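Structure at a glance
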Amino acid sequence: MEVVTGALPSVITKLGELLVGEYNLPQGVKGEIRFIQSELESMKGALEKVSNTPPDRLDIQDKIWARDVRELSYDIEDSIDKFRVRGTSKFVNRRSLMRKAIIFLEIGSPAPRIRRIRSRVSEVHERCPRYDVNLGVDKPTKPTVDPRLFSQYTMIKDLVGIDETRDELIKILMGENGVPSQQGKIVSIVGFGGMGKTTIANAVYEKISAQFDCYAFVSVSRTPDLNKLFKDILYQLDRNKYDDSINETFVYEQQLINELREFLQHKRYFLVIDDIWDISVWQTIRRALPDNDIGYIIITTTRNFGVAEEVGGAYKLKPLSLSNSQKLLYRRIFGNENKDSIEDIEKCLNKELAEVSKRILQKCGGVPLAIVTIASLLASKARNEIDWYDVYNSIGTGLSDSTDVVNMRKILSLSYYEMPSHLRTCLLYLSMFPADYKIEKDRLIWMWIAEGFIQCENQGKSLFAIGDSYFNELMNRSMIQPIYERYTGLIYACHVHHMVHDLICFLSSEENLVTILNGVRYTSPSKIFRRLSLQYGKEDNAMPLHTTNLQHVRSAVVFPSAFCVMPVLWRFRVLRVLNLQDCDLSRGYSLVYLKDLLKLRYLGLCATHIAQLPQQIGNLKFLQTLDVRGNNMFSLPSTVVQLKNLMCLYIDEFTRVPNGIGSLTNLEVLSTLDITVSIDIIEELGQLMKLRVLHILLFIDWSGKLVECLSKLQNIEYLYIKTFGDNQWDFGGLDAWVAPQHLCRLDIEWPCWFSTLPARMNQSYLLDLVYLSIAVRDLGQVNLETLGRLPALRLLKLSVDPKNLGTLGGFIIGAGLFPCLVLFQFGGSIGPIVFQQGAMPRLEILNFEFCVQAARQITCNGDGPELGLGNLPSLQDVKIYLRSRGASKEEVRELEAALRHAAEIHPNLPKHQICG
């Protein structure tokens, strides 16, 4: 579903379901539905054309018509859902004619409702010719000037920090000596819109182009004319040979490609291909650029990381440092004013102005375009801290309408309008979150699913997997910035640059996608709220919420600083997403009306201080996500097992689930399941075949049954087992467990022991395993080497039983093993680990233990045992625990000193802790 088409895709689908469902509609009503379907499908196609036209190039009548169709689609869906929800939830499995008669008496016959819908659809359709609505096509439009031109040419002479980046790129392209080699070189400059990619490429071009036989600088753009592009390249390469007659000589694309290849085959050439949006365009261009044994350089620029990786030689453009950001800001505001340093300029500012300017730069994030734009705003104002704070507060809200901000939005919107419509919807939905907010990836995707933004396009591929691909695509297009887990390197969240946040807030307001209360003002041009984001509020500015009809609100996301103005739940009627995470509900806010939110798909009550859920939670038949973590809730209501559509259930470790959990066969995420009360829970767990993420809490050694259950769950990607008790458990049965091939994390806490390395835990089977934490009684050198060949492993916590090791019990980690490992924690070994040259090239954190007596048997030099710490080039932190049993205090002190010295002479000077 996309913003521009509102709810049309889901409405069309639901109309089809009415035709084939069990409602026994009269033939006349079915005919009306088919007519409505046909009309809406035509409108959907028309609106998709509108979606590809920037708003400033749309006729006002087109905008009004598109808005009316979108609003109509929402109302139709609400009407259909009202009929479907009441008709299925109240009398589920009661299909008698008498019950159907009761339904019709209660909610009314569908015929008048369908006739009213048809009347509205016909009215909107007839409005097209009446108001000359042409849907943005075949209309003459006034020529537009690319706003990037203004920023590019006004920035070049003043841009700071450009020399360092330019020289670094030249070194990459031409080596230390600065002379072109006889081998070809391609670099793709990639970065966020407004980072100065074109400016940097132009700086390199001007610096080194004279060293080549021929050179050209061309821009591709979103909708390239490749014939014209190839002609531009030829003309720049040789203006004498390729004059105006080029248009007559070369007509077809293939002719131009052949001519370019022939011309460049025996020349050292240098080309800049600026602003590539699509990889297929690059592939066509690349066909025209021959490899030769004389040498060439090609620089491309793009906003898309996927394109940069495909082109090759991806160079991620770095943001400006704080110092350079300050220089650029002050230079644009004040000019040089005969002052050469930041300190000189700051002397002209009072303390408040200096402080707010630094805060503004934090929001700009080192993006030159953002800094220049905001500097233009500040330059137009008096040197008054109140005015500057007004600018600071407006950044990222979409509220400012100055010429500079409008131009900046146009530049950034080039990326927006290049995206397919489903990605635009998902991006604009991020305006539900405040600027600077860390948005958890999984939470966001489940909210997208609840909203219906993700359709199941491929059989066999889950909605979450499709949502994950959407998230990755937004990241690749530089529209969101990923946040990584430190050790695993996995992306768990994102944030949105303030300039992109400003754009999406502005666009979502224009589309009436989201209404935001952020303490400044409401950002909605409509009197009907479809989605409500309460980010900051006070009782005295909550009047619009008290006077507005909220019965059309589909999503309500409330943040703690605005919870004081949260309306009561009975005012919402069609809510699909309700997220109250971190809001304190213990102060009297009632969830009693939760039972009436029959269309709810997402319920986020994490850390809301609630002790229990209402028993009527079972009414929410369409609920997909339920998050009640962080509440110390003793148990879930027994009616939870009625939520057959539930896909994600987040609960605390000690929250008990009722019997019947096995009926929730759509569950993909279950965290955390307390297997305490009955072994039947384990048997029910085996029925949840779609589980991808499973966290288990064990108090009793039911490992045999658990193994039998886990063998059925072949979609598991993340398995976490936490045990309690004084005894050490042997998961002997688990040795036979075959881990699912797509397993990404396996975390089984001590004191659970495998007797040997789990089956198929090798490089040919577990290609995606990133995180591994297990205890193995019998682990030999061969097993450790097997683990060392896992291609994606980044974090390894390994415990071994010293009783099963040999005299020394040490291990050798050879060259090429553990190529991606960042953290290594190893406990239980008698002897130390020896790292050979080429082992663990990315290891940063090392934590292991061994016996002092065993260490004395290893060959030593004057600096202590030959552990090979110097062979770990990325080492940052070392902790070694020495087990001193059988050794004297003096022996322990000597070994501690020797190991500390080995860490101190490491080139990285890692933090180290050696303890006995």
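Below or above, wherever it landed, is the structure these notes cover.

Rules and cut-offs
Residues numbered from 1 in each chain as written. Predicted model: local features only at pLDDT ≥ 70, side-chain atom pairs only at ≥ 80, totals over all residues. Heavy atoms only, no water. Helix = DSSP H or I, 4+ residues; strand = E, 2+ residues; numbered from the N terminus. Buried < 20%, exposed > 50% of the residue type's maximum accessible area, 1.4 Å probe, protein only. Contact = heavy atoms within 4.5 Å. Areas by Shrake-Rupley, 256 points an atom, 1.4 Å probe, with all protein chains shown as cover. Pairing = 2+ DSSP bridges. Axes fitted to C-alpha atoms, helices over the stretch in contact; angles between N-to-C directions. Phe/Tyr/Trp six-rings, centres within 6.5 Å; stacked < 30°, edge-to-face > 60°. Lys NZ or Arg CZ within 6 Å of the ring centre and 35° of its normal.

What follows is about the overall build of the protein. Regarding its fold elements, the protein presents 29 helices and 31 strands. Burial statistics for the protein: of 916 residues in total, 55% are counted as buried. Considering only intrachain contacts with a sequence separation of at least 6, the fraction spanning at least 24 residues in the protein is 63%. In the structure as shown, the protein presents an accessible area of about 39700 Å², 49% of it carried by carbon and sulfur atoms.

This part covers the sheet that holds strand E8 (residues 491-495). What holds strands together in a sheet is hydrogen bonding between their backbones, with the strands either parallel or antiparallel. An order of E6-E8-E7 is seen for the three strands of this open sheet, with the pairing classed as antiparallel. Every other strand in the sheet has two partners, leaving strand E6 (439-440) and strand E7 (481-484) as the edge strands with one partner each.

We now examine the pairing of strand E11 (residues 555-558). Here E11 shows two buried faces, one formed by Ser-555 and Val-557 and the other by Ala-556 and Val-558. As judged from the four bridges shared by strand E10 (residues 531-536) and E11, these two strands associate in the parallel manner. Across the sheet, the residue bridging to Leu-532 is Ala-556, located in E11. As paired strands, E11 and strand E12 (residues 577-579) are joined by three bridges and run parallel to one another. Considered in E12, the bridge of Ala-556 is made with Leu-578.

With five of seven residues buried, strand E27 (residues 845-851) is to be regarded as a mostly interior element. In this sheet, E27 lies alongside strand E25 (residues 823-827) in parallel orientation, the contact comprising four bridges. Counted as the bridge partner of Leu-823 is Ile-845 from E27. Bridge analysis of E27 against strand E30 (residues 877-883) gives seven bridges, and the strand direction is parallel. Following the sheet pairing, Cys-851 is matched in E30 by Arg-883.

What follows covers the sheet that holds strand E5 (residues 314-316). Spatial strand order, E2-E3-E4-E1-E5: five strands in an open sheet with parallel pairing. Of all strands in the sheet, those bounded by a partner on one side alone are strand E2 (214-219) and E5. For this sheet, the mean inter-axis angle between neighbouring strands, taken without regard to orientation, is 15°. Summarising the sheet, E2 and strand E3 (residues 269-274) pair through six bridges and their orientation is parallel.

Here the focus is the packing of aromatic side chains. Scanning all chains against the criterion turns up 18 aromatic pairs. Seen from their ring centres, Phe-818 and Phe-824 are 6.1 Å apart, and the 25° between their planes marks the pair as stacked. Summarising the burial analysis for this pair, Phe-818 and Phe-824 share the class buried. Of the aromatic side chains, those joined through ring pairs into one cluster are Tyr-205, Phe-212, Tyr-215, Phe-217 and Phe-270. A cation over a ring is seen here: Lys-441 above Phe-471, with NZ or CZ 5.7 Å from the ring centre. The side chain of Arg-692 reaches across the aromatic face of Phe-464, ending 4.2 Å from its centre.

Fair warning: the whole summary comes from geometry, so function is off the table for now.
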